[in-house]
Amino acid sequence: MGPWAITLLMILGFGGFAALAWRKIAIFRALQPEVRWDHVGTRLARVLEMGFGQSRMVAGEWKPGIMHAAIFLGFCALLVRKLHLIVIGYDPLAVIPGAAGAAYAAFKDFVELAVLAAVAYAFWRRFVLKPRRLEPNREAILILSLILVIIVSDFLFDGLRFVIFASDAGIAHERAFAPVGAAVASLFEGASPSSLAFGLQASYWVQMITVFSFLVLLPLGEHFHIVTALPAVFLARETPLNRVPSVDLERIMADDAGDDMKVGAKTVADLVWKDAFDAFTCTECGRCKDSCPTFLTGKPLALKWVNDSLKHHLLEKREAILAGKEAELPALVPGVIKEETLWACTTCGYCERACPIGLEHLGRFYRLRQHQVMMEGAFPQELKAVFDAYESQSNPWGLPADTRGAWAKDLGVPVLESAEQAREIDWLFYVGSAQSFDNRAQKTARAFVKILQAAGVRFAILGPAEGSTGECVRRAGNEMLFQTLAQALVATLNGLEVKRIVTCDPHAFNSLRNEYPEFGGHFEVVHHTQLIDRLIRDGKIAPRKIAEGVIYHEPCYLARHNGEYEAPRRVLAAVSKDAPLEFAMRRDKAMCCGAGGGRMWMEEHIGTRINVLRAEQALERSPRAIATACPYCAIMLRDGVAQLGRGDDIPTKDIAELVAEALPS
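Residues numbered from 1 in each chain as written. Predicted model: local features only at pLDDT ≥ 70, side-chain atom pairs only at ≥ 80, totals over all residues. Heavy atoms only, no water.

Caption draft 1: Molecular detail of the nonpolar core. Core analysis: the largest hydrophobic core is formed by 182 residues, its most contacted members being M208, L314, L416, F429, F448, I451 and L493. Sort the elements by how many residues they give to this core and helix α6 (residues 138-164) lands first, with 11 residues. Excluding residues that lie within four positions of it along the chain, I451 makes contacts with I532, L535, I541, A656, V659, A660 and L663. Grouped together as the second largest cluster of nonpolar side chains are 9 residues, A618, I626, V641 and I650 included. (Core = buried A, V, L, I, M, F, W, Y, C linked by side-chain atoms within 4.5 Å. Buried < 20%, exposed > 50% of the residue type's maximum accessible area, 1.4 Å probe, protein only. Helix = DSSP H or I, 4+ residues; strand = E, 2+ residues; numbered from the N terminus. Contact = heavy atoms within 4.5 Å.)

Here you go:
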């Protein structure tokens, strides 16, 4: 085919790719360090499952998932073919000999047909189906077209080669096992030698020039993920993030800390290298939008958009980043990421769970919020009153802290006052702010007490000594206030030698379980649905099946963030006459109620209200009641149903209330 020509093409192709790729690689190498290569076995297993197995891609939406899996696996399988073609450039008669060659010839044809079908479906989706998440994208059309050219030219090259070198034993052996190539060859039987020779050269060089052009194009756009996706899966952490990146307050507040105090992320120089790596790796598939409460309600936030903005900013400021000229870098908020974008996030974690290659979002937004709150004092005005209330009374309502246990009056609930008493109970019931101060949420706490008493569980509450976990203020960026609250609560719990905690609040559950160990709080923590499920299975309680037409709303911080999907459903099934209803968006794809990330206390000024949309999704199933397992979800859904005018006939209840109602009199 031309040794000098193929050598020159490889030099230009590989050299161009390396030079263009380095433009991006150098950027993320210059950012903040972070170890992402520990637990190698776990990471490699994830690469096999999510990378080569395409598990999230197929599970998220199976038709486009299979389409992408076919193209991806086709790329992997056809790498051998491209190496073979390079060798053919030096020796036109080169073949893979024996059984290996026969197997690969058949396999290659099958794979290329699968890729052709996948490309055809991809065009169909973009030009006919037009799903909402797919935005117009000329690069995607170009890449699909290049793939089409590569596959078609390869079939033509095979057919012409089989005819021209029919007398060669090795090529005749390959033809015998290549059904598509053999069929194409039959079309060229009888053509003139000059026409065959021209066709062979043309199909070879069209394919090889396209392949190396494709290679050079990769670092220029979103399809760089073809190179970086598998490393991204290896380098990812488990998502979604259920721990906010901590701030070393002692270090930054020390007398010798200097004047250059940094908290969170202000400019791209404050981001960790993986943030930039993710921005350059984003496939722009748009799956992060499918159940994103902000995108679905018309707010200016989707992980894809954030990555796109950050990617362009990194390239624009490349020279300043590499030179370490941080003073020349503008603040990310509001220059690159708008304030309304930063504060729209409910931290539900859907985008991270949906991303087929595990790109990350929450850690970056948490650090941006930390800087805005603690360094700039720039945050939504509604949060000022919330922060003040937490500071003065350790609850967002600002109600007197010494009334935390008033809801339990006359219920016979013991208040934990000593370590000796703690050794005599099974569980400390951590009530949390919502069920201590919200009149409607208190019904859940009373229902749970009824269940525990019926089961003979020994438990107690902290009463006035209970402090807030601070989960809300931490996710709103006020790390200093969070750590103050956390240290106070840890001191109380450790002073009483508490070992086991049950709570009805998934947000408190998440913080106590995943974040408090960093501050010396090491406890066994369970959610109330998990404990109720255990009590039912152990025969400690035997609720009757009296509920009908109940639909279950998934709390993000119980399900996506902590992986508990089944216990609430088992409990709900135990009290239902019929099969409980499910949302269309459920389990990993469940849509947030809109309360997380401090959004409970902020007004929605853009687009549709998230809780109203979630209530509409519930009403589509014609339920008789909505069940949830989070006090904040219950508040949001109750308000959403009320705004739709159905609040009187479709109640929203916690699962504990349904169980308490089902207990024998």
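Caption draft 2: Representation of the layout of surface pockets. There is about 850 Å³ of room inside the second largest pocket. As for the second largest pocket, its lining consists of 36 residues, and the residues nearest its centre are E34, R36, R237, P245 and R367. The residue makeup of the lining of the second largest pocket, split by class, is 8 nonpolar, 10 polar and 18 charged. (1 Å grid on protein atoms, 1.4 Å probe; cavity = no way out; pocket = protein on both sides within 12 Å on 5 of 7 lines; lining within 4 Å. Points joined across faces, edges and corners; volume = space filled by probe spheres on them. Nonpolar A, V, L, I, M, F, W, Y, C, P; charged D, E, K, R; others polar.)

Caption draft 3: Looking closely at the sheet that holds strand β1 (residues 427-430). Within the open sheet, the 4 strands sit side by side as β2-β1-β3-β4. Their pairing is parallel. Of all strands in the sheet, those with a lone pairing partner are β2 (459-460) and β4 (524-527), marking the two edges. Where helix α26 (residues 506-515) meets the sheet, it contacts β1, β3 (500-503) and β4, and its direction lies at approximately 160 degrees from that of β4. (Pairing = 2+ DSSP bridges. Axes fitted to C-alpha atoms, helices over the stretch in contact; angles between N-to-C directions.)

Caption draft 4: Inspection of the sheet that holds strand β5 (residues 550-552) at higher detail. Ordered in space as β6-β5-β7-β8, the 4 strands form an open sheet in which the pairing is parallel. Each end of this open sheet is capped by a strand with a single partner; those strands are β6 (581-582) and β8 (652-654). Note: β5 against strand β7 (residues 625-628), 3 bridges, orientation parallel. Pairing of I551 across the sheet is with I626, part of β7. Across the sheet, helix α31 (residues 655-662) touches β5, β7 and β8, and the angle it forms with β8 is around 80 degrees.

Caption draft 5: Geometry of the side chain of Q435. Mapping Q435 onto the fold places it in helix α22 (residues 433-437). Using a relative accessible area of 0% as the deciding quantity, one classes Q435 as buried. When residues no more than four places from it in sequence are discounted, the contact partners of Q435 are W407, F429, A441, Q442, T444, A445, C504 and P631.

Caption draft 6: Molecular detail of the packing of helix α1 (residues 3-29) against helix α4 (residues 62-90). Contact geometry of α1 with α4 gives a least axis separation of 7 Å together with a crossing angle of 140 degrees. As the angle between them shows, α1 and α4 are arranged oblique. Between α1 and α4, the residues in contact are P3, I6, T7 and M10 and I86, G89 and Y90, respectively. Here the residues of the contact of α1 with α4 are counted per class, giving 5 nonpolar, 2 polar and no charged. (Parallel < 35°, antiparallel > 145°, perpendicular 65-115°, else oblique.)

Caption draft 7: Inspection of the pairing of β3 at higher detail. Bridge count between β1 and β3: 3 bridges; the pairing is parallel. Across the sheet, residue Y430 finds its bridge partner in β3, namely T503. As defined by bridge partners, β3 adjoins β4 across 4 bridges and the pair is classed as parallel. Bridge pairing links V502 to V526 in β4. A crossover connection joins β3 to the parallel β4 through α26; in handedness this β-α-β unit is right-handed. (Right-handed = clockwise from strand over helix to strand, strands pointing away.)

Caption draft 8: Structural view of unusual backbone geometry. Cis peptide bonds are those with omega within 30 degrees of zero, and the linkage from V333 to P334 qualifies with 5 degrees. Here P334 shows up in helix α16 (residues 332-335). Even without a glycine there, the phi angle at E284 is positive, about 55 degrees. Along the chain, E284 falls in the loop between α12 (273-281) and α13 (293-296). Using a relative accessible area of 11% as the deciding quantity, one classes E284 as buried. Of note in this structure, S622 is not a glycine but carries a positive phi near 55 degrees. Within the element layout of this structure, S622 appears in the loop between α29 (610-619) and β7.

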